[in-house]
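Chain and residue survey
Chain residues, written in single-letter form:
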Amino acid sequence: MAAVVSTSCPDLKLIARGKVRDLYEVDEHSLLFVATDRISAFDVIMQNGITNKGKLLTEISIFWFSYLKDVLPNHLITADFEKMPAKVQQYRSQLEGRSMLVKKLRVLPIESIVRGYITGSAWSEYKKKGTVCDIALPAGMQESEAFPEPLWTPSTKAEIGDHDENIHPSKAAGIIGERHAAEMAKVSIELYTKARDYASEHGIIIADTKFEFGVDENDNLYLIDEVLTPDSSRFWPAATYKVGAGQDSFDKQYLRNYLDSIGFDKSQGITLPENVVTNTMAKYQEAYKLLTGKDAQL
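Reference entry: report on the structure contained in this document. What you are looking at is a predicted structure, and each value in this text was computed from that prediction instead of being measured.

Turning next to the packing of helix α1 (residues 53-68) against helix α8 (residues 274-292). It is at 11 Å that the axes of α1 and α8 come closest, and there the two elements cross at 25°. Here α1 lies roughly parallel to α8, going by the angle between them. Where α1 crosses over α8, the handedness of that crossing is left-handed. Residue-level contacts link K53, L56, L57, E59, I60, F63 and W64 of α1 to M281, Y284, Q285, Y288, L291 and T292 of α8.

And the structure:
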């Protein structure tokens, strides 16, 4: 089966194509989020996809939306393809298993990042300045060490091809307003903490993750987009975790490491070799099974 790297649904209005998702308008109240098999790294989309990755990401998001719904409402209407409108169902071969019908909301232009462990760009900044997103941290931290408390480190949302910009939390209010910034910071930590505790009981350390939020016509906050997937999070196997070094992972870090090993210049996507495609998908599937206790239905 070939990877679905793009969808074509002429009877639906295409709103946007993101790094992974194609977004369609279904009617004035609802949108269709379609997770393709595209994969990106370093904000660059690769030329070939990871077959069925979009279906797996959708299953993971559905799992977390259900688990976290008591913390904050989410935008999911249904992921049951049989319950979707006829004009969606006519594209079954492209969309089934990788689509979510969701509420149409106003998206807040902030990537809401929560970091539980010091790694990646946070570790790089800390080594240089002793800070993460200009937040002062205790001296002497080691790579992959847990922070004393999870950090909320928002970033701006960049257009495709550009890089998100990490900002100090105090700057978020100037972008989305004081009320939404305060609520986003609070609920992001609550969401991360509940998910982190669940995952730790199932063999996975959630080192960091990215949430996105929208508001309805009454300015109520909703959790939107994807949630706690290997595309939006760093998942580490708890069994091999050791402070003081980089970690094995169930996420895109495997792909990033491969690209680093070949001197990828981060200017445009490349065609990934088959073993990288296979190994990336295997890591995603292992994470799903650990979290849910089930094999993904792909």
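Attention shifts here to the sheet that holds strand β7 (residues 99-103). Strand order in the open sheet made by the five strands is β1-β2-β3-β7-β6, with antiparallel pairing throughout. The open sheet has two edge strands with one neighbour each: β1 (13-17) and β6 (76-78). Each adjacent strand pair in this sheet contributes to an overall mean axis angle of 35°, direction not counted. Where strand β3 (residues 30-35) meets β7, five bridges bridge the pair, whose relative direction is antiparallel. Each bridged residue has a counterpart across the sheet, and for L31 the counterpart in β7 is V102. Against the sheet, α1 engages β2 (21-25), β3, β6 and β7, with an angle of about 45° to β7.

This next bit is on α8. With 19 residues, α8 should reach 27 Å at 1.5 Å per residue; the first-to-last C-alpha distance of 27 Å fits that figure. Along α8, the residues that are buried comprise V276, V277, T280, M281, Y284, A287, Y288, L291 and T292. Along the axis of α8, the buried positions cluster into a sector of 125°, meaning they face one direction only. Against the buried residues of α8 lie α1, α6 (178-200), β14 (204-215), β16 (233-237) and α7 (253-261). Taken from the residues just after α8, G293 is the one with a positive phi, measuring 75°.

Phi is positive for N52, which is not a glycine, with a value near 75°. Among the structural elements, N52 can be located in the loop between β5 (44-45) and α1. Judged by its relative accessible area of 13%, N52 is buried. Positive phi, close to 75°, is recorded for S144, a residue that is not glycine.

Conventions used here
Residues numbered from 1 in each chain as written. Predicted model: local features only at pLDDT ≥ 70, side-chain atom pairs only at ≥ 80, totals over all residues. Heavy atoms only, no water. Axes fitted to C-alpha atoms, helices over the stretch in contact; angles between N-to-C directions. Helix = DSSP H or I, 4+ residues; strand = E, 2+ residues; numbered from the N terminus. Parallel < 35°, antiparallel > 145°, perpendicular 65-115°, else oblique. Left-handed = near helix turned anticlockwise from the far one by under 90°. Contact = heavy atoms within 4.5 Å. Pairing = 2+ DSSP bridges. Expected span 1.5 Å × (residues − 1). Buried < 20%, exposed > 50% of the residue type's maximum accessible area, 1.4 Å probe, protein only. Arc of directions from axis to C-beta.

Fair warning: the whole summary comes from geometry, so function is off the table for now.
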